[in-house]
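Observations on the model geometry
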Amino acid sequence: MFDFLQEYSDNTRLWIYQSPRPFTADERSWVEKEGTNFVSEWNTHGTRLKAGVYVLYDRFLIISADQDVTANSGCSIDSSVRFVKGVELRTGLNLMDRMLVYYLNENNEPVSFHFHDLGKLLEQGVINSSTRIFNPLVNTKPDLINGWIKPLESSWMATFVK
């Protein structure tokens, strides 16, 4: 699943944005094309970044920047947020809603719920301690590979269900 990261060092920084619904095929194509255009010019103080824009599960927009090649600055991070805001404007999606939680259902498809519905979903048996939860706060290549998707009982949400 993470083949796209092979060309990046373990010191690669990531930003993950979650879509409240799947990107349509046209939206995904547009995001990938515009993402390629964005990273081809993305720089920090005039030095181009080794970076990429990826869409996973048709729900997650991931921006990567290899810090071993060139470290991001505040201005370059600001420009990436402007890119994401442009995606939001074009698609009508809110990609910055951190109250949405994603899990993989029995068909290995991401499903979202509002954080405040956690207790209700546990009571209904929709999710349980072994439900695989996405952690949108991972921010490095190793964290994505090893910790992006974990069972609820060992995820960032575990403290909220005890």
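Residues numbered from 1 in each chain as written. Predicted model: local features only at pLDDT ≥ 70, side-chain atom pairs only at ≥ 80, totals over all residues. Heavy atoms only, no water.

A word on the pairing of strand E5 (residues 60-66)
- In terms of burial, E5 is a largely internal element, seven of the seven residues being buried.
- Here E5 shows no split at all, with Phe60, Ile62, Ser64 and Asp66 on one side and Leu61, Ile63 and Ala65 on the other all buried.
- In the sheet, strand E1 (residues 12-18) pairs with E5 via seven bridges, with the strands oriented antiparallel. What sits directly across from tyrosine 17, in E5, is leucine 61.
- Inspection of the sheet shows strand E4 (residues 51-56) paired to E5 by six bridges, in the antiparallel sense. When the bridges of E5 are listed, tyrosine 54 appears paired with isoleucine 62.
- Between E4 and E5, which follow one another and run antiparallel, lie three residues, and tyrosine 57 among them has a positive phi close to 55°. (Buried < 20%, exposed > 50% of the residue type's maximum accessible area, 1.4 Å probe, protein only. Helix = DSSP H or I, 4+ residues; strand = E, 2+ residues; numbered from the N terminus. Pairing = 2+ DSSP bridges.)

Description of the environment of asparagine 11
- You can see asparagine 11 is positioned in the segment before E1.
- Taking the C-alpha atoms as reference points, asparagine 11 and leucine 118, 107 residues apart in sequence, are found 33 Å from one another.
- Of the polar contacts made by the side chain of asparagine 11, one reaches the side chain of aspartate 68; its length is 2.9 Å. (Polar contact = N/O pair within 3.5 Å; in protein donor to acceptor, adjacent residues only side chain to side chain.)

Details of unusual backbone geometry
- A positive phi angle, near 55°, is found at tyrosine 57, a position not held by glycine.
- Looking at where tyrosine 57 falls in the secondary structure, it is placed in the loop between E4 and E5.
- Phi at aspartate 58 takes a positive value of approximately 55°, unusual for a residue other than glycine.
- Mapped onto the elements of the fold, aspartate 58 is located in the loop between E4 and E5.

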